[in-house]
Amino acid sequence: MSKLGLAALAAVVTIAPVAARNPIVPGWYADPEIRVFGDKYWIYPTYSDDAGKPDVSPLFTPDQAKLRRQHTVRPSYLQQTFFNAFSSPDLVHWTRHNHVLDVANVAWAGYAVWAPSAIEHKGRYYLFFGANDIQSDAEHGGIGVAVADRPGGPFKDAIGKPLIGAFHNQAQPIDPFVYRDDDGQVYLYYGGWRHCNVVRLSDDLRSVRPFANGTTYKEITPPGYVEGSFVIKRRGVYYLMWSEGEWTGSDYSVAYAMGPSPTGPFRPMGKILAEDARIARGAGHHSVVNVPGTDEWYIVYHRRPLGDAKGEHRQIAIDRMTFATDGTIEPVVLTNTGAPPRPIGRRQ
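Residues numbered from 1 in each chain as written. Predicted model: local features only at pLDDT ≥ 70, side-chain atom pairs only at ≥ 80, totals over all residues. Heavy atoms only, no water.

Draft legend 1. Quick peek at the overall build of the protein chain. Along the backbone of the protein chain there are two helices and 21 strands. For the protein chain, the C-alpha radius of gyration of 19 Å lies close to 20 Å, the compact-globule estimate for 348 residues. Each principal axis of the C-alpha distribution contributes one length, and for the protein chain these read about 55 × 55 × 40 Å. The burial tally for the protein chain puts 58% of its 348 residues in the buried class. Restricting the contact set of the protein chain to residue pairs at least 6 apart, pairs at least 24 apart contribute 55%. By element, 52% of the accessible surface of the protein chain is carried by carbon and sulfur atoms, the whole surface being about 14000 Å². Averaging the positions of the 36 positive and the 35 negative side-chain charges in the protein chain gives two centres separated by 4 Å. (Helix = DSSP H or I, 4+ residues; strand = E, 2+ residues; numbered from the N terminus. Rg over C-alpha atoms; globule rule 2.2 N^0.38 Å. Buried < 20%, exposed > 50% of the residue type's maximum accessible area, 1.4 Å probe, protein only. Contact = heavy atoms within 4.5 Å. Areas by Shrake-Rupley, 256 points an atom, 1.4 Å probe, with all protein chains shown as cover. Lys, Arg positive; Asp, Glu negative; His and termini not counted. Charge placed at Lys NZ, Arg CZ, Asp CG, Glu CD.)

Draft legend 2. The arrangement of the sheet that holds strand β19 (residues 281-290) in detail. Strand order in the open sheet made by the three strands is β19-β20-β21, with antiparallel pairing throughout. Sheet topology places β19 and β21 (315-321) at the edges, where each strand pairs with a single neighbour. If you compare each strand with its neighbour and ignore which way they point, the axes differ by 30 degrees on average. Bridge analysis of β19 against strand β20 (residues 297-304) gives six bridges, and the strand direction is antiparallel. Across the sheet, the residue bridging to Val288 is Ile299, located in β20. (Pairing = 2+ DSSP bridges. Axes fitted to C-alpha atoms, helices over the stretch in contact; angles between N-to-C directions.)

Draft legend 3. Geometry of the sheet that holds strand β15 (residues 227-234). Strand order in the open sheet formed by four strands is β15-β16-β17-β18, and the pairing between neighbours is antiparallel. Edge positions in the open sheet fall to β15 and β18 (267-273), since each of these has one partner strand only. Strand-to-strand twist of the sheet, defined as the mean angle between neighbouring strand axes without regard to direction, takes the value 25 degrees. In this structure, strand β16 (residues 237-244) lies alongside strand β17 (residues 253-259), joined through seven bridges in antiparallel fashion. Each residue of the ladder has a partner; that of Tyr238, found in β17, is Gly259.

Draft legend 4. A look at unusual backbone geometry. Across the junction of Gly153 and Pro154, the peptide omega takes the value 5 degrees, indicating a cis bond. Within the secondary structure, Pro154 sits in the loop between β8 (142-148) and β9 (156-157). For the bond from Gly264 to Pro265, the omega torsion is 0 degrees, close enough to zero to count as cis. Relative to the elements of secondary structure, Pro265 occurs in the loop between β17 and β18. Of note, the phi angle at Asn169 is positive, near 55 degrees, even though the residue is not glycine. Tracing the backbone through its elements, the reader meets Asn169 in the loop between β9 and β10 (177-180). What makes Asn169 partly exposed here is its relative accessible area of 32%. Notably, Arg194 is not glycine yet its phi reads approximately 70 degrees, a positive angle.

See the structure below:
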């Protein structure tokens, strides 16, 4: 095992609140994706900003150092070179796993490591992520894929280059979300700059393959789409969800659409998550988890505390997500209490 892997395993920190609460963990984190692996919930977020002592990658290669000297849109992007993850048996008590992926194990990535998406496949774990915030096809970066033997990593680059390293249908290659349909086909949804694409992944998850009509990058951009796509399926209906508004602003929010297949067509249904001036600002870039064996759903998202204007100061929250009798999603109520203890496999 690498020194980085040993350090990550040695740096596990248990975070155990006496009761449920939002935000669920200390620190500035964003773009949280929640998954169920075995008997635990796992959350993989973007590291948004330092909170106290800076958390940094252990090293950069000469090529990475050169890459980091290029212009970045925001200085904070240089801090975002790794992912910490969090695991929980019950949505309340969380354990932090440090640097489950680090650019030390991804030679082509140097900064702006964002929005991870995880999946178990054939006994291994794959983590998709954006890196380098490319602004054109002339720059090197995009969506990568890393692999590990455990959900807590260490994840290592699976293919030695970006999986998607260029703009297609004007979609910036960021914010990946990986989804396995009932027939076993795995799809990757992604896109920034107000365009959303979906691609089919190969059986080993290391390449993309065309749809039946020959199209490889299928655009499914709904009205209002900005970034952060996510898909669930419930009772035969597919729900495409996404973030709208400016990520540093009060209008950051989540909307959704409903459709008959993982590629649509999708019918826009409106917003379900937005800021509450009494609770928090700018609620968005979410994920959703279904408690296995139940019809209980929880939405995990980031939001900014009241009175804090810094865009990077984002925190992870969990709240209940419910459906109306017609299958539409009820507006989510932001809370400070968060989720109740919900162990996997226990009936309520």
